[in-house]
Amino acid sequence: MRHYLLLITLLFFNHIFSQTFNQDLNTIIESESKSASNRIYNHRVNMNTGNYDVTYHKLEFTLDPSVASISGVVTTHFVAKENMSEVIFDLTDNMIVSQVLQDSNALTFVQNTDDELVITLSQNLNQGETGIVEITYSGNPVSSGFGSFAQTTHNGDPIIWTLSEPYGAKGWWPCKQDLNDKIENIDVYITTPQFNSQNEEYIAVSNGVEQSQIVNGSNKTTHYKHQFPIPAYLVAIAATNYEVYSHTVTNNGNPFEIINYVYPENLTSAQASTPVTVSIMELFSNKFEEYPYASEKYAHAQFGWGGGMEHTTVSFMGSFGRNLIAHELAHQWFGDKITCGSWKDIWLNEGFATYLSGLVIEEFDGEPSFKSWKQGRVSSITSQPDGAVYLSDSDTTSVSRIFISRLSYNKGAMVLHMLRKKVGDANFYQGMQDYLSDTNLAFNYAKTPDYKAKMEAVSGQNLTEFFNDWVYNQGYPSYTINSNWINTNQLQIQVNQTQSHNSVSYFEVPIPLRIVGTNGETLDIVLDNTFQGETFIENVNFEINYILFDPEVDIISKNNNVTLSTQPYQIEPNLLIYPNPTFNAFNIKKPEALIIDTIQIFDILGKLILETTYQEIINVETLSSGVHFVKFSTNQGVFHKRLLKD
């Protein structure tokens, strides 16, 4: 009875652990998918912004946290990729542009209903030339319902914050927001009242390093400088009566600060929760590479939405649980330094960050907790029979599909874990490091083939089948594992599989099994399964009690069944093969009522060597010398014979 109670207790805590993680993940997704959710149907890739590269933005924003509006001056430096007579920015039509200047000269412009600001340049730019335009604008971003700019309160105190992923940047500033350009560096100036109505100082937050705070009468301007490439959707600002404290990361003798901007009412609880960030930072730095923005900072800034958002160098946080801290910090490598090159590749952001939060559990809490975490991911993934990690073009028009927890987050994470098991830990982590350090990808965009190429190069494996099965196509396998004794110490194991979705003909993945003996002996084996009905021969030197399928939950599957025959290898005495041994062929003698459908011959390692329909004489001249196993699939069941090839 104690064993059953222990099992029930473990299952209960595993359920609670998984449930808590899923609740955390739901709040993360809530933030990362919030932006533009009400106007997603208006989004399309803007081909009109593809003819120039943004090199620099000077962003001068003026706002009052108690008022739902913003005014700004955005100065943009850009390089023409082709000859240009006009330049187009993304900007919602309720943000009113009052003036556009080039070299202090006013330019003509028009705002259209396609959320474009079309500016006619004073003179044509030739390919390779630099243009500079200064845009003055104002408006109430909240009124558009775009969701990327919020003015609200916490504990009665006003706050303004932004959240632009995936399509929301144009809701509050003129930008180029498609995933085809990164701004090389930015300066952000945020002007607010110096104090709120309670005479508490307003603190403004943005990407990069704070340069100065300058008071001018009752207002204060805070200047931040960020000198790394950044996409428009990761530019962010927030302002309220923050309390500020920090932790120091040693960073191999080059320390930098983790700065925390938190609500005064949450200061005590936050101070108790955020120190773990240092340990997580060290874990990720050791496994992957040094924190990419160590020359600037890492920060948490509390904001008024559940979950968090990984703005470069400053994650906006709704709370300070360890999982949320880990997920948003992981994005600084995967999502910020290297950003998905299209929303179809969102798993390169979200699947990676989800898996890194799982690695924190593996490292800090141990294998049983990590197993529970994996089981939670698999349960989510297999709750429906369909769904791919990689999105279709139509999928990208739905925010809820881009940020679906089951696929972009959970399945993406478990695909990474299965890839780790397939190529081995050393190759996996080296491949991740190679991906991050590639000069064509670092601080740039990447797509799924870029990542696949890195993992193939480091492992020496062709991963096309793996990516086709698990990333590009849909569903998951269900396995039937049948095992029989061949003799006193050899076990034959046959693998069969059904698929939950017809887009995959057969899921290829290494299958872990744990063979448990009657006296507690254990033998862990991995079957490199690649086809239906594949048979493996394993040496087992103890009496078997039972066999566990995927004991550590390392693959995505559901409704698996393992059978262990209590009978020896099943042989039909009236089914004969001769001569045996043979050199070049053998004959088959069978009862008339026995109908043989297929004949398969396997080598001693269980590899299928030959497959044919029934014939009275089977040519085996091409087989190598040694022991082989012949499998007969008949109308009376499956029978086996041992064949010795001279």
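Just above sits the structure.
What comes next is a walk through the structure. (Residues numbered from 1 in each chain as written. Predicted model: local features only at pLDDT ≥ 70, side-chain atom pairs only at ≥ 80, totals over all residues. Heavy atoms only, no water.)

Concerning the environment of threonine 480
Within the fold, threonine 480 resides in strand β23 (residues 477–487). Overall, the relative accessible area of 31% leaves threonine 480 in the partly exposed class. (Helix = DSSP H or I, 4+ residues; strand = E, 2+ residues; numbered from the N terminus. Buried < 20%, exposed > 50% of the residue type's maximum accessible area, 1.4 Å probe, protein only.)

Overview of the sheet that holds strand β25 (residues 509–517)
Adjacent strands of a sheet form backbone hydrogen bonds with each other and so pair up, either parallel or antiparallel. As summarised here, the arrangement of the 3 strands in space is β26-β25-β28, forming an open sheet in which the pairing is antiparallel. Each edge of the open sheet is held by one strand with a lone partner, namely β26 (522–529) and β28 (544–549). Across the sheet, the mean angle separating the axes of adjacent strands is 25 degrees when strand polarity is ignored. As defined by bridge partners, β25 adjoins β28 across 5 bridges and the pair is classed as antiparallel. From the neighbouring strand, glycine 517 faces β28, where its bridge partner is isoleucine 544. (Pairing = 2+ DSSP bridges. Axes fitted to C-alpha atoms, helices over the stretch in contact; angles between N-to-C directions.)

Overview of the packing of helix α5 (residues 347–365) against helix α6 (residues 367–381)
Interhelical geometry of α5 versus α6 gives an angle of 155 degrees and a closest axis separation of 7 Å. Taken as axis vectors, α5 and α6 run roughly antiparallel relative to one another. The residues of α6 that touch α5, namely those facing Thr354, Tyr355, Gly358, Leu359, Ile361, Glu362 and Asp365, are Glu367, Ser369, Phe370 and Trp373. Of the residues in the contact of α5 with α6, the class split is 5 nonpolar, 3 polar and 3 charged. (Parallel < 35°, antiparallel > 145°, perpendicular 65-115°, else oblique. Contact = heavy atoms within 4.5 Å. Nonpolar A, V, L, I, M, F, W, Y, C, P; charged D, E, K, R; others polar.)

Overview of the packing of α6 against helix α8 (residues 405–423)
At a closest axis distance of 9 Å, the pairing of α6 and α8 adopts a crossing angle of 125 degrees. On the basis of their axis angle, the class for α6 and α8 is oblique. For the element pair α6 and α8, the recorded crossing hand is left-handed. From α6, Phe370, Trp373, Lys374, Arg377, Val378, Ser380 and Ile381 reach across to α8, where they touch Arg406, Asn410, Lys411, Ala413, Met414, His417 and Arg420. A breakdown of the residues in the contact of α6 with α8 according to their chemical character gives 6 nonpolar, 3 polar and 5 charged. (Left-handed = near helix turned anticlockwise from the far one by under 90°.)

Focus on the nonpolar core
Membership of the largest hydrophobic core comes to 159 residues, with the highest contact counts inside it found for Phe61, Trp173, Phe284, Trp347 and Tyr451. Here this core takes 9 residues from α5, the largest share from any one element. In this structure tryptophan 173 touches His57, Leu59, Phe61, Val74, Asp90, Leu91, Tyr137, Ile183, Ala232 and Val235, once residues within four positions along its chain are discounted. (Core = buried A, V, L, I, M, F, W, Y, C linked by side-chain atoms within 4.5 Å.)

Re the sheet that holds strand β30 (residues 576–578)
Taken in spatial order, the 3 strands of this open sheet run β30-β31-β34, and their pairing is antiparallel. On the outer flanks of this sheet lie β30 and β34 (617–619), each paired with one strand and no other. If you compare each strand with its neighbour and ignore which way they point, the axes differ by 25 degrees on average. In terms of strand pairing, strand β31 (residues 585–589) meets β34 through 3 bridges, oriented antiparallel. Across the sheet, residue phenylalanine 586 finds its bridge partner in β34, namely isoleucine 618.

Here we look at the packing of aromatic side chains
Taken as a whole, this structure holds 39 aromatic pairs when the rule is applied. With 4.9 Å between their ring centres and 75 degrees between their planes, tryptophan 161 and phenylalanine 303 make a pair best called edge-to-face. Within this pair, whereas tryptophan 161 is found in strand β10 (residues 157–162), its partner phenylalanine 303 is found in the loop between β18 (298–302) and β19 (308–309), the two being separated by 142 residues in sequence. Like phenylalanine 303, tryptophan 161 is buried. One cation-aromatic arrangement involves lysine 182 over tyrosine 445; the distance from NZ or CZ to the ring centre is 5.3 Å. For lysine 590, the ring lying beneath its charged end belongs to tyrosine 614, and the centroid distance is 5.4 Å. (Phe/Tyr/Trp six-rings, centres within 6.5 Å; stacked < 30°, edge-to-face > 60°. Lys NZ or Arg CZ within 6 Å of the ring centre and 35° of its normal.)

Section: unusual backbone geometry
Residue proline 166 is bonded to the preceding glutamate 165 through a cis peptide linkage, with omega at -5 degrees. Mapping proline 166 onto the fold places it in the loop between β10 and β11 (185–193). Of note, asparagine 199 is a non-glycine position whose phi angle comes to about 60 degrees, a positive value. With respect to the element layout, asparagine 199 can be found in the loop between β11 and β12 (203–206). Its relative accessible area of 57% is what places asparagine 199 among the exposed residues. Residues other than glycine seldom take positive phi values, yet asparagine 559 does so here, at roughly 55 degrees. On the secondary structure map, asparagine 559 appears in the loop between β28 and β29 (561–568).

Quick word on the environment of aspartate 386
Looking at the element boundaries, aspartate 386 is found in the loop between α6 and α7 (399–402). Spatially, the C-alpha atoms of aspartate 386 and leucine 407 are 9.7 Å apart, while their sequence positions differ by 21 residues. Beyond its immediate sequence surroundings of up to four residues, aspartate 386 is in contact with Arg406, Leu407, Gln474, Gly475 and His501.

None of the figures reported here should be taken as evidence of function without further support.
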